[in-house]
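Topology and contacts: notes
Spelled out from the first residue to the last, the chains are:
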Amino acid sequence: MRRTSGEKKVSGGMVRRLASNLYHADRRRNITAIAAIALSSMLIIMALSAILSIEAAMRRSRQMLIGTKAEGVYTFLSYNWFEALRDSGHFDAMSMVFHLGWYETASATGDEHRIYSTDAETASWNFNELLEGSWAENVNEIVVDARFVQENGGAVKVGDTFPITLKTGLHEYRQDMVICGICACNEALDETRIYVSKAFLDKDLSGFGQQAFCRFEKGKYTDEDLKNFLREVNPYADGNAFVNPSAGDRPEPGYLKLIAGLIGHFLSVAAIHRASESLPYLKCHVTLLPGILLATLIGLLSMVYPNRGTDIGGRRLQR
């Protein structure tokens, strides 16, 4: 059948307009989809980053309450037993901290002002990282923590000579000590620390106790394993040993379960939404809120109870 010129013109114009409309509609839809994907990705990344940041802060807080980042702790351990354990090959690293006694200054007295001796690395395990200066090496040198600086007016600096009384297990020294370094303080513990050198420790040969801190892969050993290692050294040894439940730098299992639950729920919602395109009676928004609440609840329960046998309060180091 013959078509008129008017029909051809109308048909051609309609096709062009339809093609133009489809092109611009697809373009807007593609731009909207890309923006939605980008915003969703940013939201997921921000949520995961917030969860990991909160977990890291809480883990550090628990470590500070216990007093160390080290995976294992022995208390009231003799130096001979320490050397045998250190050389046994069970641990990646092991070191001791000696509590020598207490100190007094013109503005500070009391049992919370304590004298310790150890190396710089072990001090950093116990939140006393060296901030400036160097670690004590000579008999008349000390490293003071940030709280010591605050208690003495905030004007203490490296290189200062400071009058101090050192009261150890058997001796009392009143002398001027050179502040060779300043370290961080553990804000969770109500004590102010100074560190004397190994030379001072060898000279004094007295104190009130020592603790050994050991490093190993988290989860490798239990409390009973640490005690058995000590019994291998001395069958009659009765030292106290425990595994630090908050040690390490990795997120705890509860937080990993929370993240996995949120990711799994996101994927399930995406699948339901995809199915709802062909099955309109599926309403993905109905399952959205309960799913989020369930995933969050499971993660929080795992977080609060990562190990029912763990009692952080009971594991605080004996000071």
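Figured I'd write up the structure that's included with this text.

Conventions we followed
- Residues numbered from 1 in each chain as written.
- Predicted model: local features only at pLDDT ≥ 70, side-chain atom pairs only at ≥ 80, totals over all residues.
- Heavy atoms only, no water.
- Core = buried A, V, L, I, M, F, W, Y, C linked by side-chain atoms within 4.5 Å.
- Buried < 20%, exposed > 50% of the residue type's maximum accessible area, 1.4 Å probe, protein only.
- Helix = DSSP H or I, 4+ residues; strand = E, 2+ residues; numbered from the N terminus.
- Contact = heavy atoms within 4.5 Å.
- 1 Å grid on protein atoms, 1.4 Å probe; cavity = no way out; pocket = protein on both sides within 12 Å on 5 of 7 lines; lining within 4 Å.
- Points joined across faces, edges and corners; volume = space filled by probe spheres on them.
- Salt bridge = Lys/Arg side-chain N within 4 Å of Asp/Glu carboxyl O.
- Nonpolar A, V, L, I, M, F, W, Y, C, P; charged D, E, K, R; others polar.
- Phe/Tyr/Trp six-rings, centres within 6.5 Å; stacked < 30°, edge-to-face > 60°.

**Topic: the nonpolar core**
- Counting residues in each nonpolar core, the largest one holds 37 residues, and the members touching the most others are Y74, F91, M94, F148, L166 and L226.
- With five residues, the single largest contributor to this core is strand β2 (residues 93-104).
- In contact with Y74, not counting residues within four places along its chain, are L85, F91, M94, Q211, A212, C214, L226, K227, F229, L230, N240 and A241.
- A123, A136, V143 and F213 belong to the second largest nonpolar core, which has 15 residues in total.

**A closer look at empty space enclosed by the protein**
- Inspection of the entire model under this criterion finds one cavity of 30 Å³ or more.
- Its volume calculated, the largest cavity comes out at about 40 Å³.
- If you trace the largest cavity, you find it lined by D145, R147, C185, N186, L189, E191 and R193.

**Comments concerning the pattern of salt bridges**
- Throughout the structure, instances matching the rule amount to ten salt bridges.
- Close ionic contact of D87 with R86 constitutes a salt bridge, the shortest N to O distance being 3.4 Å.
- What makes D87 exposed here is its relative accessible area of 57%.
- Residues E104 and K167 are paired through a salt bridge, measuring 2.8 Å at the closest nitrogen-oxygen approach. With E104 in strand β2 and K167 in strand β6 (residues 161-168), the pair connects residues that are 63 residues apart, well separated along the chain.
- Look at the salt bridges and you will find they share partners, linking R114, E191 and R193 into a network.

**Details of the layout of surface pockets**
- The calculated volume of the second largest pocket comes to roughly 410 Å³.
- Forming the walls of the second largest pocket are 23 residues, and the residues nearest its centre are Y79, F98, S117, K198 and L201.
- Of all elements in the fold, only α2 (79-86), β2, α5 (198-204) and β9 (209-215) reach the threshold of two or more residues within the lining of the second largest pocket.
- A per-element tally of the lining of the second largest pocket places β2 first, with five residues.
- Grouping the amino acids of the lining of the second largest pocket by side-chain chemistry returns eleven nonpolar, nine polar and three charged.

**Concerning unusual backbone geometry**
- Unlike most non-glycine residues, F127 shows phi in positive territory, near 70°.
- Mapped onto the elements of the fold, F127 is located in the loop between α3 (120-125) and β4 (130-133).
- We note that L205 has phi near 55°; this positive angle belongs to a residue other than glycine.
- For L205, a relative accessible area of 68% translates into the label exposed.

**Things to note about the packing of aromatic side chains**
- All told, the structure shown has 14 aromatic pairs when counted by the stated rule.
- An angle of 35° between the planes, with centres 5.9 Å apart, marks the rings of F91 and F216 as tilted. With a gap of 125 residues between them, F91 in the loop between α2 and β2 and F216 in the loop between β9 and α6 (223-233) connect regions that are remote in the sequence. Taken as a pair, F91 and F216 share a single burial class, namely buried.
- Their ring planes at 50° and their centres at 5.8 Å tell us that Y103 and F148 sit as a pair that is tilted. In this pair, Y103 sits in strand β2 while F148 sits in helix α4 (residues 146-151), placing the two residues 45 residues apart along the sequence. Neither residue differs from the other here; Y103 and F148 are each classed as buried.
- Three or more aromatic residues link up through ring pairs in this structure, and these residues are Y74, F91, F216, Y221 and F229.

No statement about biological role is implied by the geometric values presented.
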